[in-house]
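# Inside the fold
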Amino acid sequence: MLVKTRFAPSPTGELHFGNIRTALYSWLYARKNNGVFLLRIEDTDLIRSKSIFSKKIMKTLKWLKLDWDEGPYFQSQRINHYKNIILEMLKKKIAYKCYCGHEKLNLIKKNKILKGEKPRYDGTCRNLNKDFNSLNKYVVRFKNPSYGKVSFVDLVRGKIVFNNNELDDLIIQRENGIPTYNFCVVIDDMESKITHIIRGEDHINNTPRQINILNSLGSKLPSYAHLSMIVDSHRKTLSKRNNSVNVLEYKKLGFFPESILNYIVRLGWSHKNKEIFNISEMIKLFNFNSITKSPSIFDKKKLLRLNKYYLNINSLKKNKKILISLFKKNNIDFKKGPELKKIIKTFSPHCSTIFELFNSILFFFKNNKIKFNKKYVKTYLNKKSIYILKKLYIILINLKTWNSKDILKSIKNLSISLCIKLREIILPVRIALLGTIHSLSINKILFFMGKKKSLLKLKKFLKYIIKIFI
Ligand code: GLU
Ligand code: ZN
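Fair warning: this is a prediction, and the values are worked out from it, not measured in the lab.

Let us now look at the overall build of the protein chain. For the protein chain, the helix and strand inventory stands at 19 helices and 12 strands. For 470 residues, the compact-globule estimate of 2.2 N^0.38 gives 23 Å, and the protein chain exceeds it by more than 25% at 31 Å. Along the three orthogonal principal directions, the C-alpha set of the protein chain runs to about 100 × 50 × 40 Å. Relative to its full complement of 470 residues, the protein chain shows a buried share of 49%. In the protein chain, once contacts between residues fewer than 6 apart in sequence are set aside, the share between residues at least 24 apart is 76%. Of the roughly 25,100 Å² of accessible surface on the protein chain, a fraction of 53% belongs to carbon and sulfur atoms. If you average the places of the 92 positive and of the 33 negative side-chain charges in the protein chain, the two averages end up 14 Å apart.

As structure tokens, this is what we get:
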């Protein structure tokens, strides 16, 4: 049997980590089995669906190299096809027109709730024998079996059983003539011969309804795997409205596709204690048995750690190439600073993303005109800083071997001899050289900046703060 999986997003927002996990697991399963992975855009909600989101969905998948073999299919282009099937179903009396209208339906709902019952449709139109005149508004409902059970063996959760009498006669075509999600999905999965449906557990309640429709059409049933939700640190389910989990944002922040996929594959699936997976390992090891039933927590810190790992196993050549493109984008002549390979080697172990690396080495290449930050000077420094910086200046001017090890040693010795914390030396130097209060190791920065430039800056800074404090 040819394994066929699909990713079927609704283009109503950008893809978040939960969506991508569904795509990744579906893609992995298809690749593992030499099967087919299909992309379908579920855009029948004409108001909320936007073509910009469809484009972004494809852009995200392409960036992550989750390539699809079939599609993209757009449900909005198949409306007439779905409607023809609904007409057939009406003829066969496995579907029927319901003329109740919103008001009556709301009333039925209210009464049921008052009686403490489930707010189900009461079936008024189920056995109407005549067709009203065509001007009457109606929806089309599927005639769900009214007794018996419907069950399926979920590949993640095991056997799940529903009683048919708890399921509504599902609306499959709205008053405006547009077929509903639950119907289109069934027709598409059936006609595309999807064998494995992998999706979020928010769809579990749709599954028995979809199975009943499939059965009424005499179709074979696919296997289902429902993935538990991903929650944020506040235990809220990830949503398309929350930008902090939007995957394309992470592209903009300089994350690598490898680390994103490696992070996502482990959000709910594991293989022993293994943390690092390349794509071929994922394909080889992925299976449904090791998917967890409990919610997974999205943890940005873990993702940062993974990205740091990938940043540091990348070849120098690759990182250099990305950095050069960033320099060019920002119109900065990278040839005017220290040798790129050397600074990449020195600073990347301290950075989590390539952008962080770029930003932390930027000052080596910019003109010398960093304005001293008065606010930082007043907030973090005082008269004593003048004394400390003067001492440091003398030590550095006399330092014969200008390398980061000896610079660090000098700073440490000074802190010991003055009985002060290292921070009391490092902070003014940061403010002096970089105009910031955070930076990578200051000794390495002094080294790469060079003795002459560093001392010149320190001298100017001293003059500046003397004016402020004295
Ligand atoms: N379009 C649905 C969604 O975005 C997914 C449908 C499915 O996977 O069956 O949630
Ligand atoms: Zn009705």
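So, about the layout of surface pockets. Quantified by volume, the second largest pocket comes out at close to 430 Å³. Considering the residues around the second largest pocket, the lining is formed by 24 residues, among which His 102, Leu 105, Val 139, Arg 141 and Ile 171 are closest to the centre. If you list the elements that add at least two residues to the lining of the second largest pocket, you get helix 4 (101-114) and strand 5 (139-142). The leading source of residues in the lining of the second largest pocket is helix 4, at six residues. Grouping the amino acids of the lining of the second largest pocket by side-chain chemistry returns 11 nonpolar, four polar and nine charged.

Now for the site of ligand 1. Every residue near ligand 1 is listed here: Arg 6, Ala 8, Pro 9, Ser 10, Glu 42, Tyr 181, Val 185, Arg 199 and His 203. Interatomic distance of 2.9 Å between a side-chain N/O atom of Ser 10 and a nitrogen atom of ligand 1. Within the side chain of His 203, one N or O atom sits 3.0 Å away from an oxygen atom of ligand 1. For ligand 1, whose accessible area on its own is 300 Å², the fraction buried by protein is 83%. Along the lines of polarity and charge, the residues of the shell around ligand 1 split into four nonpolar, two polar and three charged.

Here the focus is the nonpolar core. Formed by 104 residues in total, the largest nonpolar core has its most connected members in Phe 17, Phe 298, Phe 327 and Phe 364. Considering every element that reaches this core, the biggest residue donor is helix 1 (residues 17-32), with nine residues. The contact partners of Phe 17, leaving out residues within four places of it in the chain, are Ile 230, Leu 238, Val 245, Val 247, Tyr 250, Ile 260, Tyr 263, Ile 264, Phe 298 and Leu 303. With 29 residues, the next largest nonpolar core counts Met 89, Leu 90, Ile 187 and Ile 197 among its residues.

Once that is clear, we can look at the coordination of the zinc ion (ligand 2). Cys 98 (SG), Cys 100 (SG), Tyr 121 (OH) and Cys 125 (SG) make up the full set of protein donors to the zinc ion (ligand 2), lying at 2.1 to 2.3 Å. Geometry at the zinc ion (ligand 2) is tetrahedral, judged from its four donor atoms and the angles of 100 to 122° they form at the metal. Judged by its relative accessible area of 2%, Cys 98 falls in the buried class.

A separate point is the side chain of Arg 6. Examined against the element boundaries, Arg 6 turns out to sit in strand 1 (residues 4-7). Here Asp 189 takes part through its side chain, which lies 2.9 Å from a polar atom of the side chain of Arg 6. When neighbours within four sequence positions are excluded, Arg 6 is seen to be in contact with Ser 26, Phe 37, Leu 38, Arg 40, Val 185, Asp 189, Ile 194, His 196, Ile 197, Ile 198 and Arg 199.

Our next topic: the packing of aromatic side chains. For the structure shown, the criterion picks out 26 aromatic pairs. Arranged with centres 4.6 Å apart and planes meeting at 50°, the rings of Phe 17 and Phe 298 form a pair that is tilted. Highlighted residues: Phe 17 in helix 1 and Phe 298 in the loop between strand 12 (296-297) and helix 10 (300-313), separated in sequence by 281 residues. Of the two residues, Phe 17 and Phe 298, both sit in the buried class. Here Tyr 376 and Tyr 380 contribute two aromatic rings whose centre-to-centre distance is 5.9 Å and whose plane-to-plane angle is 55°, an arrangement assigned as tilted. Pair noted here: Tyr 376 and Tyr 380 are both in helix 14 (residues 374-380), with a separation of four residues, about one helical turn. Here the guanidinium or amino end of Lys 97 rests over the ring plane of Tyr 138, the centre of that ring lying 4.6 Å away. Taking the ring centre of Phe 277 as reference, the NZ or CZ of Lys 274 above it sits at 5.2 Å.

This brings us to the environment of Leu 357. Position of Leu 357 relative to the elements: it lies in helix 13 (residues 354-361). Expressed as a C-alpha distance, the spacing of Leu 357 and Gly 254, which sit 103 residues apart in the sequence, is 9.8 Å. In this view, Leu 357 contacts Leu 323, Ile 344, Phe 347, Ser 348 and Cys 351; residues no more than four positions away in its chain are not counted.

Under the criterion given, the structure shown has 21 salt bridges. The partner of Glu 117 in a salt bridge is Lys 112, with the nearest N and O atoms 3.6 Å apart. By relative accessible area, Glu 117 is classed as partly exposed at 39%. For Lys 318, the salt bridge identified is with Glu 258, shortest N-O distance 3.2 Å. Residue Lys 318 is found in helix 11 (residues 316-329), and its partner Glu 258 is found in helix 8 (residues 257-265); the two are separated by 60 residues along the sequence.

Further remarks concern the sheet that holds strand 5. Read from one edge to the other, the open sheet built from three strands follows the order 4-5-8, with strand pairing classed as antiparallel. Across the chains shown, the open sheet's two edge strands, defined by having one partner strand only, are strand 4 (95-98) and strand 8 (171-173). Strand after strand, the sheet turns through a mean of 45° between neighbouring axes, direction not considered. Bridging between strand 4 and strand 5 involves four bridges; their strand directions are antiparallel. Its bridge partner lying in strand 5, Cys 98 is registered against Val 139.

The rules behind the values
- Each chain has its residues counted from 1, following the order in which its sequence is written.
- Lettering of chains starts at A and numbering of ligands starts at 1, both following the order in which they are written.
- Side-chain atom pairs in this predicted model are given and counted only at pLDDT of 80 or more, local residue features only at pLDDT of at least 70, and totals for whole chains, interfaces and linings cover all residues.
- Computation of side-chain values: all heavy atoms of the structure, hydrogens and water removed.
- By the criteria applied, helices consist of DSSP H or I runs no shorter than four residues and strands consist of E runs no shorter than two, each listed in order from the N terminus.
- Note on method: radius of gyration uses C-alpha positions; expected globular size equals 2.2 Å times residues raised to 0.38.
- Burial here depends on accessible area, computed with a 1.4 Å probe over protein chains only, as a share of the maximum for the residue type. Under 20% is buried, over 50% is exposed, and the range in between is partly exposed.
- Contacts are assigned to residue pairs that have any heavy atoms within 4.5 Å of one another.
- In these tables, accessible area is a Shrake-Rupley quantity obtained with a 1.4 Å probe, and a residue counts as shielded only by the protein chains included in the view.
- Neither His nor the chain termini are counted; the positive set is Lys and Arg, and the negative set is Asp and Glu.
- A charged residue contributes its charge at one atom only: NZ of Lys, CZ of Arg, CG of Asp or CD of Glu.
- For each structure, a 1 Å grid was placed over the protein atoms alone; sets of points admitting a 1.4 Å probe that cannot get out are labelled cavities, open sets with protein on both sides within 12 Å along at least five of seven lines are labelled pockets, and lining residues have an atom within 4 Å of a point.
- Grid points are joined across faces, edges and corners, and a volume is the space filled by probe spheres set on the points.
- Only Asp, Glu, Lys and Arg are considered charged, only Ala, Val, Leu, Ile, Met, Phe, Trp, Tyr, Cys and Pro nonpolar, and every remaining residue, Gly among them, polar.
- Working definition: residue near molecule or strand if any one of its non-hydrogen atoms lies within 4 Å of it.
- Two N or O atoms form a polar contact when they lie within 3.5 Å of each other; inside protein one atom must be a possible hydrogen donor and the other a possible acceptor, and for residues adjacent in sequence the pair counts only when both atoms belong to side chains.
- Side-chain atoms within 4.5 Å are what join buried Ala, Val, Leu, Ile, Met, Phe, Trp, Tyr and Cys residues into a set we call a nonpolar core.
- Metal sites are built from N, O and S donor atoms within 2.8 Å, or 3.2 Å for Na, K and Ca, and they leave out water, so they may look incomplete.
- In short, tetrahedral needs four donors with all angles between 85 and 135 degrees, square planar needs four and octahedral six donors with opposite donors over 155 degrees apart and all other angles between 65 and 115, and whatever is left is irregular.
- By convention, a stacked pair of Phe, Tyr or Trp rings (six-membered ring in the case of Trp) has centres within 6.5 Å and planes under 30 degrees apart, an edge-to-face pair has planes over 60 apart, and any other such pair is tilted.
- Lysine NZ or arginine CZ positioned within 6 Å of the ring centre and within 35 degrees of the ring normal marks a charge as sitting over the ring.
- Take a side-chain nitrogen of Lys or Arg and a carboxyl oxygen of Asp or Glu: if they are within 4 Å of each other, that pair is a salt bridge.
- Strands qualify as paired when DSSP identifies two bridges or more between them.
- With axes taken as lines fitted to C-alpha atoms, and helix axes fitted only over the stretch in contact, angles between N-to-C directions fall between 0 and 180 degrees.

Structural measurements only, silent on function.
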